[in-house]
Every structure is written in C-alpha cells, then in structure tokens.
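Listed here are the chains, written in short residue letters.
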Amino acid sequence: MGAEDYGSSPLPVRTTRYLRPGRHSSPHQLSLPAEAPALVLAVPGAATPASELIAADIAASAGSSCPGATIAAGYLEGSESRLSEVLGDLRSQDGRPPAVVVPLLICPYPEVDEAIAAAVAEADVPILVAGHLGPHPFVAEAMHARLYEAGLARAGRSGRISIVSAADGFVVGAAGDAEAALQVAGVVAVLLASRLTIPAVPTLLDHATLRRAAENLQAAQVTRVVLAPCVIGPEVPAAAMAAITAETGLECAPPLGGYPTIGQLVAIRYGAALEDPKLADVSG
C-alpha cells in the first residue's frame, strides 16, 4: 500500500529501507514485513501550520524507526485531513487491519480518546489503536531538551553547567484525565529529576494546581521554579498555554512537539500494536 493511497493527508511518508535489527538494537528500530499496516498519527485539534509541522517532524522520526512503513496524519477537528477521512481511504486485505492509529497524546485524554474511537468506529475496515505515549524515558529526554533549548536547564547532570540562569526546580504539567495525567507526570518528574538532580514535581496543567505545586517547591527553598509541559502541543491550544503561564507567573519551556524521541516513541507504540493477535500472520 503506497503513500498515494493517503491523498487526504498532508504528509504521506513512505520509507524504503529495511532494517534487520540485532539483539542490541534500539527498541524503537523495527523490522517490518512488506504488508505491515500503515501508521496513522491521530492529531488532536484541527490542522494548523503549527500542528502540521509537529506531525511532519514526528512522522519523519517515526519513519526512520519504521523503514518501509506508510505514515500519515489525521486530525480530529476542522475540515482538512480529518482522521475519519484518512481511515476511510484504507482498504483491508483478507479482513486484516490495514492501519494502526497512534494517538499523539502523552496521557489518556477522554475527550480526544473518544474522538479517536468515533473515527475508528466509522471506518469500513478494522483498525488497531495503539497506547498513549507516556510515561517513558523518551518523554523525559524530550522535556529536558526543550528546557535546555529555552535556557531553563543545564545540558546534563555532570555538573558542567553552561547556563547560569538554570532553574532549580520544575513542575511537570500534564493534561488529560486527572488521575491518569498525574500518574504519568509523576513518573516523568522522577525521570527528569534523575537527569538533572534537582526537584521536579507532577501537577495538572491548570493555574490553581500549578500554583500550589510551585508554592510547595518554593516552601522547600527552591528559588526558581519553571513549568515543564508534559504535552506534545496540539492537545493544549497555544492560547491556553499562554493563559496558564500568565496566570501563574511561571517561566515555561515549549511543549515536547516533534522532538526526535517522540517519533521514536510513536514507533515503539506502533510496534507494540503489531503484536495484536489479529495481525499474527502479518507481523510474524
């Protein structure tokens, strides 16, 4: 199934190389059979220049990890490149699922998850849905990189501090189902704190809980608290993020966006979905 089968998506990507990973290969490097299902990114919100750029970057990284896979993106809102349209263009061979949908979400997000489920239910063919991306060390790596790029964290834990204004505490803010989001943010906060050897605490991305988390850190003698968003970007509108930072007064790193490890994590979730029994004769 070639990239031309996804005309409703703005970024069909078809890789042509095949890898045969050995036992020491990275977990995101997959070796795929010729008839492997397409990887379809489910992007929250409508297609905008910002969300299309994020999706394209993630597709490129995932494509490097999934040689031979057809990759497309479908959006959950708006009139262009809707996920339902992308899935509607797919055809099944022998009743097997022709695609795996990977949500661009770090945490469960009921409203978005329900929209994905509705689009999948509309499809005329069986579709697999992969798990959410977090928690995972790759999320913490992307978060660390965004903090460093914004001048809010040092490059690593070695003590070679190249940024004199680095924060000395972080609040890791997640969006989605409150309980699940806090659990995911808690794991990522531990991973981030381990990378930087400074405090990091989990919270939700709303001004009240963010403010309380920041005040708790400040009460523990943390003088410069910074917000590290545990979101990819499209699931929280830029205006909402700006309002949150304005209301809390916290400095804020950019969302994780299309950082390469996010695409690698997409590949890992896609690979896990290929273990579904419905694809036993495809991925075996």
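Treat the numbers as computed from the prediction; the structure is a model and nothing was measured.

Asks: Teacher, can you tell me more about helix α4 (residues 137–149) here?
Replies: An α-helix turns once per 3.6 residues; consequently, residues spaced three or four apart project the same way. Under the 1.5 Å per step criterion, the end-to-end length of α4 is 18 Å for 13 residues, consistent within 8% with the ideal 18 Å. For α4, the complete set of buried residues consists of F138, V139, A140, A142, M143, H144, A145, R146 and L147. Tucked inside the fold, the buried residues of α4 contact β6 (169–174), α5 (178–196), β8 (225–229) and α8 (260–273). Looking one or two places after α4, you find G151, whose phi comes out positive at around 75°.

Asks: Can you walk me through the confidence of the model for the chain in this structure?
Replies: As a note on interpretation, predicted positions should not be read in detail where pLDDT is low. Across the chain, the average pLDDT comes to 86, with 85% of residues at 70 or higher. Segment residues 158–164 is flagged for pLDDT under 50; beyond a separation of four residues in sequence, or across chains, it makes five contacts in the model.

Asks: Could you clarify how one ought to interpret the nonpolar core in this entry?
Replies: Proteins that are soluble and globular tend to have nonpolar side chains buried together. Counting 61 residues, the largest nonpolar core has L147, F170 and Y270 as its most contacted members. In contact with L147, other than residues within four places in its own chain, are L152, A153, F170, L192, V226, L227, A228 and A253. Judged by nonpolar contacts, the second largest core, of 35 residues, contains L90, V112, A214 and V225.

Asks: What is the right way to look at the layout of surface pockets in this model?
Replies: One simple way to see leftover space: roll a probe sized like a water molecule over the atoms. The computed volume of the largest pocket comes to approximately 550 Å³. Tallied by class, residues from the lining of the largest pocket come to 19 nonpolar, six polar and four charged.

Asks: For this particular structure, what's the right way to read the state of the cysteines?
Replies: Put plainly, a disulfide is one covalent bond tying together the sulfur atoms of two cysteines. Counting across every chain of the model gives zero disulfides. C107 supplies the cysteine sulfur nearest to C230, a cysteine that is in no disulfide, at a spacing of 5.2 Å.

Asks: What's the story with the packing of helix α1 (residues 49–65) against α8 in this structure? I'm lost.
Replies: Pairs of packed helices are described in terms of their axes, by the angle between the two and the distance that separates them. At a closest axis distance of 7 Å, the pairing of α1 and α8 adopts a crossing angle of 55°. When the axis of α1 is compared with that of α8, the two are oblique. Classified by chirality, the crossing of α8 by α1 is right-handed. Residues I58, S61, A62 and S65 of α1 touch α8, and the partners they reach there are P260, I262, G263, Q264, V266 and A267. Here the residues of the contact of α1 with α8 sort into six nonpolar, four polar and no charged.

Asks: I would appreciate a short explanation of the pairing of strand β2 (residues 38–43) in the present structure.
Replies: Regular strands place side chains that alternate from one sheet face to the opposite one. Counting buried residues in β2 gives six out of six residues, a clear majority hidden from the surface. Across the two faces of β2 the burial is the same, with A38, V40 and A42 and L39, L41 and V43 all buried. Note that β2 and strand β4 (residues 99–103) share five bridges and pair parallel. Each residue of the ladder has a partner; that of A38, found in β4, is A99. One ladder, built from five bridges, connects β2 with strand β3 (residues 70–75); its direction is parallel. By the bridge assignment, V43 is partnered in β3 with Y75. Once the chain exits β2 it traverses α1 before rejoining the sheet at β3, and the crossover so formed is right-handed.

Asks: Even after reading the chapter, I still don't get the sheet that holds β6, so can you show me in this structure?
Replies: Through backbone hydrogen bonds, the strands of a sheet pair up, either in parallel or in antiparallel fashion. Pairing in this open sheet of four strands is parallel, and the strands run β7-β6-β8-β9 from one edge to the other. Two strands bound the open sheet, and with one partner strand each, they are β7 (200–204) and β9 (251–252). The pairing of β6 with β7 spans five bridges and is classified as parallel. Each bridged residue has a counterpart across the sheet, and for F170 the counterpart in β7 is A200. Helix-sheet contacts for α5 involve β6 and β7, and the interaxial angle to β7 is about 160°.

Asks: Even after reading the chapter, I still don't get the pattern of salt bridges, so can you show me in this structure?
Replies: For side chains of opposite charge, pairing can occur when their charged atoms come near one another. In this structure the tally under the stated criterion is three salt bridges. The closest approach of N and O atoms between E149 and R146, which form a salt bridge, is 2.9 Å. Of the two residues, E149 and R146 both sit in helix α4, three residues apart, roughly one turn of that helix. Overall, the relative accessible area of 51% leaves E149 in the exposed class. E251 serves as the salt-bridge partner of R224, at 2.5 Å between the closest nitrogen and oxygen.

Quick notes on the rules
- Residues numbered from 1 in each chain as written.
- Predicted model: local features only at pLDDT ≥ 70, side-chain atom pairs only at ≥ 80, totals over all residues.
- Heavy atoms only, no water.
- Helix = DSSP H or I, 4+ residues; strand = E, 2+ residues; numbered from the N terminus.
- Expected span 1.5 Å × (residues − 1).
- Buried < 20%, exposed > 50% of the residue type's maximum accessible area, 1.4 Å probe, protein only.
- Contact = heavy atoms within 4.5 Å.
- pLDDT = per-residue confidence, 0-100.
- Core = buried A, V, L, I, M, F, W, Y, C linked by side-chain atoms within 4.5 Å.
- 1 Å grid on protein atoms, 1.4 Å probe; cavity = no way out; pocket = protein on both sides within 12 Å on 5 of 7 lines; lining within 4 Å.
- Points joined across faces, edges and corners; volume = space filled by probe spheres on them.
- Nonpolar A, V, L, I, M, F, W, Y, C, P; charged D, E, K, R; others polar.
- Disulfide = S-S within 2.5 Å.
- Axes fitted to C-alpha atoms, helices over the stretch in contact; angles between N-to-C directions.
- Parallel < 35°, antiparallel > 145°, perpendicular 65-115°, else oblique.
- Left-handed = near helix turned anticlockwise from the far one by under 90°.
- Pairing = 2+ DSSP bridges.
- Right-handed = clockwise from strand over helix to strand, strands pointing away.
- Salt bridge = Lys/Arg side-chain N within 4 Å of Asp/Glu carboxyl O.

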